[in-house]
Structure formats: C-alpha cells, structure tokens
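Read off the chains here:
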Amino acid sequence: MSLSHRERRILAEIELGLRECDQAFARRIDALNAAAPRENPQRFSSHVSGVELVCVLLAALLLAVLPVIVVLHAGRSCPAPARTGSATSSGSPYVPPYPSPETPRGSRTGHPCR
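Residues numbered from 1 in each chain as written. Predicted model: local features only at pLDDT ≥ 70, side-chain atom pairs only at ≥ 80, totals over all residues. Heavy atoms only, no water.

Peer 1: Describe the overall build of the protein chain, naming the residues involved and giving the relevant values.
Peer 2: Of the regular secondary structure elements, the protein chain holds three helices and zero strands. Ordered by position from the N terminus, the helices and strands of the protein chain form the series α-α-α. Buried residues in the protein chain amount to 2% of all 114 residues. If you sum the accessible surface of the protein chain, you get close to 10,600 Å²; carbon and sulfur atoms cover 63% of it. (Helix = DSSP H or I, 4+ residues; strand = E, 2+ residues; numbered from the N terminus. Buried < 20%, exposed > 50% of the residue type's maximum accessible area, 1.4 Å probe, protein only. Areas by Shrake-Rupley, 256 points an atom, 1.4 Å probe, with all protein chains shown as cover.)

What follows is the structure in structure tokens.
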C-alpha cells in the first residue's frame, strides 16, 4: 500500500522539521534505516518455526476430531435396563426389548452393549 502524493509531502515536511530541531534523533533514525535490509522491508513480521506450525496444526486437528468422537461415542450408549412386570395397564403382558439376565448365554442374539 503506497502513500498518496499529499501524504508523502506531509511526511517529508515532518522529517525535515525533526532533522532541524533534533539532530541526535535524526542520526539515530539514519542509523536504523542504514541497518535495515533494503530487499526485504518486512522488519516487523513474525517468524514461525516449523515445530510451532506443526503443533498448531495438530491442536487444530485434535479440536476438530474430538467433538466428532464424543458425539459418535454418545450415540452408542446402552439402553436403560428393562422393567420387570407381568402386565401393563392395557392388560397385555410386558415383553422386554432385550433378553433377561437369566437367559442362557447361547440364546442371546447380538446385544449391542456386550
């Protein structure tokens, strides 16, 4: 982003006024400008190492995958134990959705939580 002609003129006037009033400040600014590399003007940019980049990417991946794992695991919860009783209010006998614990192991068919 470049400055307009008016902005460059105003900055040049400010610089000229500072150089006339405070020559020590002008020498320090000249030394800073001489020490700055000319080909890469991004003196104040932040440098990120490869290790930092990998750590940030792993943390983002973990934060993206963790909720999915929690939701999938919560969807597999075991149903509540079946009520035992001989009849319901309608008079028909109650049939539990899963075999009772007294049922022999060989007769169980695909219980999702065991």
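Peer 1: A description of the pattern of salt bridges should follow, citing residues and the corresponding values.
Peer 2: One pass over the full model with this rule turns up three salt bridges. Across the salt bridge formed by Arg19 and Glu15, the nearest N and O atoms sit 3.1 Å from each other. With Arg19 and Glu15 both in helix α1 (residues 5-21), this residue pair falls four residues apart, about one helical turn. Under the relative-accessibility criterion, Arg19 is labelled partly exposed at 28%. (Salt bridge = Lys/Arg side-chain N within 4 Å of Asp/Glu carboxyl O.)

Peer 1: Got a sec to walk through a nonpolar patch on the surface? Specific residues and values, please.
Peer 2: Taken together, Leu3, Ile10, Leu11, Ile14, Leu18 and Phe25 make up a surface patch of nonpolar side chains, about 480 Å² in accessible area. Here the nonpolar patch takes four residues from α1, the largest share from any one element. (Patch = residues over 30% accessible without salt bridge, like charges linked within 9 Å, V, L, I, M, F, W, Y side chains within 5 Å.)

Peer 1: Break down the packing of α1 against helix α2 (residues 23-35) for me, citing the residues and quoting the values.
Peer 2: Remark: α1 packs on α2, axes separated minimally by 5 Å, with the N-to-C direction vectors making an angle of 120°. By the angle between their axes, α1 is oblique relative to α2. For the pair α1 and α2, contact is made by Leu18, Arg19 and Cys21 and by Gln23, Phe25, Ala26 and Asp30, respectively. For the contact of α1 with α2, a count of residues per class yields four nonpolar, one polar and two charged. (Axes fitted to C-alpha atoms, helices over the stretch in contact; angles between N-to-C directions. Parallel < 35°, antiparallel > 145°, perpendicular 65-115°, else oblique. Contact = heavy atoms within 4.5 Å. Nonpolar A, V, L, I, M, F, W, Y, C, P; charged D, E, K, R; others polar.)

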